[in-house]
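# Inside the fold
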Amino acid sequence: MGHRLKIISGALVAFVSAQAVVAQDAVTWWYEAANPEQQAALTEFMIDKFNAKNPGDKLTIDYRGSELDKQLRVALLSGTGPDVVNTPGPSFVATMARAGQLMALDDIADEKGWNDRILPFFMDLGRFDGQLYALPKTYETLGLFYNKAVFKENGWTPPTTIPELNALADEMMAKGIVPFGSGNSGWRPANEWQVSIALNSIAGPDNVQKALTGQIPWTSQPFVEAINELDSWWDKGYFGPDYFSLNGEQVMANLAEGTAAMSPTGSWNFGLVPEYFNGRQDEVGFVGFPSGEGVPYPIFSLGIGSTFSISAAAQNPEGAAEVIDQVFSEEFYTDINNVWQGEWNMPLRDLSGVSLNEDVIPLYTESMAALASAVNENQYGYTTWTFMPPATNSYVVSGIEEVWLDILSTEDFLAEMDKIFQQELAEGKVADIPAR
Amino acid sequence: MYRLFAIPTLIINVSIILLPALLTVVLAFYRWDGISNPTFIGFENFEKLWGDRIFWKALKNNVIWTALFLTFPIAIGLIAASLLMLVRRGRTFFQVVYFLPMIIATVITARIWQGMIYNPQSGIVAMLNRYGYDVRDPLSQTSTALYGVAVADLWHWWGFMAVIFFAAMRQVSQEQIESARIEGANYFQLMRWVMIPAIMPTIALMMVMTVIWSFLVFDFIFIMTQGGPAFTSEVLSTMAYRKAFYELGVGYAAATALVISLFGLTAAFFYIRLQNREDAE
């Protein structure tokens, strides 16, 4: 009898403790791909700290890989999915918000003080029809990485105008050095980086803003000139012979080896610098891409890697708000950027309390400061993946290959792009573009 | 009473095959971004498809792909299977070796071909270049991208065909083979007059399935080129995927998917007719 009593009481204790665990409200967050070190960093700095601070909640992060946005769309459509929603950018937020899948965040933002903590330009990108639906997770930019050692050896300086760039690239070609280390094998949309650079640095961000708001068509002359210039770089071989074969890591390896002298790419590549410029991180430089005539230098095109929203069907919206609040804290910014640069550049207004450790390359901190000052001086541009609606951006990625490979003319490419854009603009799929 | 046994499979088929299939047919007549409410637009998606040059390019690539897979793997499979019939020692070993590529995950096979064979910096192509041979990565050339992917897919596919044909050949009566040999038939005559006619139903089934599979091809192309460069390796399934998930044109993608099904249905129709004729005989 005594034995049976022990079993029953043991079972009761187990049941009560299980209930205690169940009593914690789960907060769910689907994240894209992350390697084991990155996952460990998120566990340490996000999950463990969140759970310690919020004993009533239990955060889980589910790593869904590179197809996260497709999985999210299907899940939200069926009224399921995570509490914390990571969308790929404002144009996706627009469609989801208008379909009632996301929660309006205005009250939470007031309560948590997000409007005071986050740069207003980026807050505006999450507003649709007068309501706040998303916060930008990270902001990124495009620029020119270059190998300082190769530049020094040849007496070169980073170009600031397109004629200077062309002269320098010709010189590099003559020496057998690839001017633009780049490739789209690992990530086909890498093409959009080149188009974003050409549109913003050659046609100029004012024109891009006008086109995005429907004031001028994409077939306008400045865009024709920009795409023609981009096409001429391809024809002259600036992108090297293996653009369609190389992935991002091989590109960075070539830049580090000096077989490529420059690389027009994004700030997320700072994450690769420690590995490929191991022990000689002072040999890598990052500057704004040279500007065309009449366009101020430098123009840093802004991109938003992904955004944070709360699902309208969230099981635990308060918990989700707490998670987002923790992301936009100085503490998390410092913790995560110490170990994982380029992916967690939250647009906080005040970074004075942030001090990154000595392992973080100074170039990263300097470049982010240069970017912030460019945004302040209105010298920012618009990346296609953040500001263009989905079908237009998808066309940009594939269509530019047809221009490069002489299957389409610049005029035909832009005409098709404009046709798709105007339709998406009419359907309300273009994100609200803040005035300059 | 025995009809009740069909219910479990019927439920599964209706819920996970028939309903989505019917929904796809319906969606082909709507404009839908996969998020907001669909709008009925009649045949507009099909009209747009008719005028879409990428659709025609993708369809042509599917036809080329089908032609490649109707010839090479079936021919290699038949030869390999007949050779397996000839050898007795090591037969199981060769079957395992032939079949091995089939059980490797597609993504691994595709990445090996892309990164360790074709890549001009890390692959065999790089090694050949170092030895002075001017070889380019086929995936990077508009004229060869589709064939580059097809080679990788063929490599993993022909062994499957060989094993299927070998299994069929083993069913051929030994007496028939022996008597052909006694009559003095050589290898080619044995194949032409005994083996191939005997396993014709299996070959026909594999050919029909090849047509269906070729119009469904997606994985190798999506992993290795995503339809590029400049749509030169685009097929209907990668186009439908791009439209549905990158461009939020789910209705248009459904219309594209219907075209894919049309080819599959035609192949299935011919197969059923063939089967009925055989049954009648």
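Residues numbered from 1 in each chain as written. Chains lettered and ligands numbered in written order. Predicted model: local features only at pLDDT ≥ 70, side-chain atom pairs only at ≥ 80, totals over all residues. Heavy atoms only, no water.

### A closer look at the overall build of chain B
Note the cut-off: By definition, any uninterrupted DSSP run of H or I lasting at least four residues is a helix, any uninterrupted run of E lasting at least two residues is a strand, and each is numbered from the N terminus. Each residue is placed in one exposure class: buried if its accessible area under a 1.4 Å probe, protein chains only, is under 20% of its type's maximum, exposed if it is over 50%, and partly exposed if it falls in between. Contacts are assigned to residue pairs that have any heavy atoms within 4.5 Å of one another. Each accessible area is a Shrake-Rupley result for a 1.4 Å probe, and residues are judged covered by the shown protein chains and nothing else. For this count, His and the chain ends are skipped, Lys and Arg are scored as positive, and Asp and Glu as negative. For this purpose, a charge sits on NZ of Lys, CZ of Arg, CG of Asp or CD of Glu.
When its secondary structure is counted, chain B shows 13 helices and two strands. With respect to the three principal axes, the spread of C-alpha positions in chain B is 70 × 70 × 30 Å. Across the 281 residues of chain B, 44% fall into the buried class. By sequence separation, contacts in chain B at least 24 residues apart represent 68% of the contacts at least 6 residues apart. Counting only carbon and sulfur atoms, one obtains 69% of the accessible surface of chain B, whose full area is about 15,400 Å². Of the charged side chains in chain B, 19 are positive and 16 negative, and the gap between their average positions amounts to 4 Å.

### A look at the packing of aromatic side chains
Residues and elements named next belong to chain A. Selection rule: Pairing of aromatic rings covers Phe, Tyr and Trp, the last through its six-membered ring, and needs centres within 6.5 Å; plane angles under 30 degrees mean stacked, over 60 mean edge-to-face, and all others mean tilted. Criterion for a charge above a ring: Lys NZ or Arg CZ within 6 Å of the ring centre, and within 35 degrees of the ring normal.
As enumerated under the stated definition, the model contains 62 aromatic pairs over all chains in all. Considering the side-chain rings of Tyr380 and Tyr382, the 5.8 Å spacing of their centres and the 70° angle between planes classify their relative orientation as edge-to-face. With respect to class, Tyr380 is no different from Tyr382; both count as buried. Against the face of Trp30 rests Arg64, its NZ or CZ located 3.7 Å from the ring centre. Residue placement shows Lys137 over the ring face of Trp344; its charged tip is 4.3 Å from the ring centre.

### A short note on the layout of surface pockets
Stated formally: Whether a set of points on the 1 Å grid over the protein atoms alone is a cavity depends on a 1.4 Å probe fitting there but being unable to get out, while an open set qualifies as a pocket with protein on both sides within 12 Å along at least five of seven lines; lining residues are those with an atom within 4 Å of a point. Grid points are joined across faces, edges and corners, and a volume is the space filled by probe spheres set on the points. Only Asp, Glu, Lys and Arg are considered charged, only Ala, Val, Leu, Ile, Met, Phe, Trp, Tyr, Cys and Pro nonpolar, and every remaining residue, Gly among them, polar.
One number sums up the size of the second largest pocket: a volume of about 810 Å³. At the level of elements, helix 19 (390-404) and helix 20 (410-426) of chain A together with strand 1 (30-31), helix 2 (44-50), helix 3 (53-86), helix 12 (236-246) and helix 13 (250-280) of chain B are the ones that each hand at least two residues to the lining of the second largest pocket. Sort the elements by how many residues they give to the lining of the second largest pocket and helix 20 of chain A lands first, with five residues. Here the residues of the lining of the second largest pocket are counted per class, giving twelve nonpolar, five polar and 13 charged.

### Points about the side chain of Ser82(B)
Residue and element names in this part refer to chain B. Under the convention used in this document: The term polar contact refers here to a pair of N or O atoms within 3.5 Å; inside protein, the definition further demands a hydrogen-donor-capable atom paired with an acceptor-capable atom, and it admits residues adjacent in sequence only when both atoms are side-chain atoms.
Relative to the helices and strands, Ser82 is located in helix 3. For Ser82, a relative accessible area of 3% translates into the label buried. A distance of 2.3 Å separates a polar atom in the side chain of Ser82 from a polar atom in the side chain of Tyr187. If near-sequence neighbours (up to four positions away) are discounted, Ser82 is found in contact with Met169, Tyr187 and Met191.

### Focus on the domain arrangement of chain A
Residue and element names in this part refer to chain A. Rules: Marked domain ranges trace back to an automatic or database domain assignment. When two parts are put together, the accessible area they lose, computed with a 1.4 Å probe and summed over both, is reported as buried area.
Considered domain by domain, chain A is made up of domain 1 (26-138 + 305-356) and domain 2 (140-303 + 377-426). Centre-to-centre separation of domain 1 and domain 2, based on C-alpha positions: 29 Å. Facing ten residues of domain 1, the contacting portion of domain 2 comprises twelve residues. A per-residue breakdown of the area domain 1 buries against domain 2 is headed by Ser91, Phe121 and Gln341, which together make up 40% of the total. Taken together, the connections running from domain 1 to domain 2 amount to zero residue pairs in polar contact (both at pLDDT 80 or more). Of all the secondary-structure elements, those providing two or more residues to the side of domain 1 that touches domain 2 are helix 4 (90-98) and helix 7 (120-124). The element best represented in the side of domain 1 that touches domain 2 is helix 4, accounting for three residues. Class assignment for the residues of the side of domain 1 that touches domain 2 results in five nonpolar, five polar and no charged.

### Considering the interface of chain B and chain A
Rule in force here: Take a side-chain nitrogen of Lys or Arg and a carboxyl oxygen of Asp or Glu: if they are within 4 Å of each other, that pair is a salt bridge.
On the chain A side, the residues contacting the 32 residues of chain B number 32 residues. Residue Glu402(A) is joined to Arg53(B) by a salt bridge in which the shortest nitrogen-to-oxygen separation is 2.7 Å. Across the chain B-chain A interface, the total number found is 13 residue pairs in polar contact (both at pLDDT 80 or more). Counting residues per element, the ones that place at least two in the side of chain B that touches chain A are helix 3 and helix 12 of chain B. Broken down by element, the side of chain B that touches chain A gets its largest block of residues, five residues, from helix 12 of chain B. Residue classes in the side of chain B that touches chain A are distributed as twelve nonpolar, twelve polar and eight charged.

### Observations concerning the environment of Val194(B)
All names here are of chain B. Here Val194 is to be found in helix 9 (residues 187-198). As for Val194 and Leu68, which are separated by 126 residues in sequence, their C-alpha atoms are 26 Å apart. With sequence-adjacent residues up to four places away left out, Val194 is seen in contact with Val172, Gln176, Ile177, Ala180 and Gln189.

### Points about the nonpolar core
Definition in use: Buried residues of nine kinds, namely Ala, Val, Leu, Ile, Met, Phe, Trp, Tyr and Cys, make up a nonpolar core once their side-chain atoms join them within 4.5 Å.
Counting residues in hydrophobic clusters, the biggest one holds 84 residues, and the most contacted among them are Leu199(A), Leu212(A), Trp218(A), Trp233(A), Met262(A), Phe413(A) and Met417(A). Looking at this core, you find at least three residues from each of domain 1 (26-138 + 305-356) and domain 2 (140-303 + 377-426) of chain A. In this view, Trp218(A) contacts Leu199(A), Val208(A), Ala211(A), Leu212(A), Phe223(A), Met388(A), Leu414(A), Met417(A), Asp418(A) and Phe421(A); residues no more than four positions away in its chain are not counted. Formed by 44 residues, the second largest nonpolar core is a distinct cluster that contains Leu68(B), Tyr98(B), Trp157(B) and Val235(B).

### A word on helix 5 (residues 106-118) of chain B
By the burial criterion, the buried members of helix 5 of chain B are Thr109(B), Ala110(B), Trp113(B), Gln114(B) and Tyr118(B). Turning to helix 5 of chain B, the residues buried within the fold contact helix 4 (91-103), helix 6 (124-130), helix 7 (145-169) and helix 11 (219-224) of chain B.

### What about a negative patch on the surface?
Residue and element names in this part refer to chain A. Put simply, the rule is: Patch construction takes residues with relative accessible area above 30% that form no salt bridge. Like charges are linked within 9 Å, and nonpolar side chains (Val, Leu, Ile, Met, Phe, Trp, Tyr) are linked within 5 Å.
The grouping of Asp107, Asp110, Glu111 and Asp116 at the surface amounts to a negative patch. Broken down by element, the negative patch gets its largest block of residues, three residues, from helix 5 (residues 106-112). Note on placement: Asp110 falls in helix 5.

### Section: the pattern of salt bridges
Residues and elements named next belong to chain A. As enumerated under the stated definition, the model contains 24 salt bridges over all chains in all. Here Arg127 makes a salt bridge to Asp124, at a shortest N to O gap of 3.0 Å. In this structure Arg127 comes out as partly exposed when scored by relative accessible area, which is 24%. Here Asp124 falls in the partly exposed class, since its relative accessible area comes to 33%. Residues joined by salt bridges that share partners form a network here, namely Lys49, Lys53, Glu331 and Asp335.

### What about the side chain of Asn269(A)?
Mapped onto the fold, Asn269(A) is located in the loop between strand 9 (260-266) and helix 14 (273-276). Under the relative-accessibility criterion, Asn269(A) is labelled buried at 9%.

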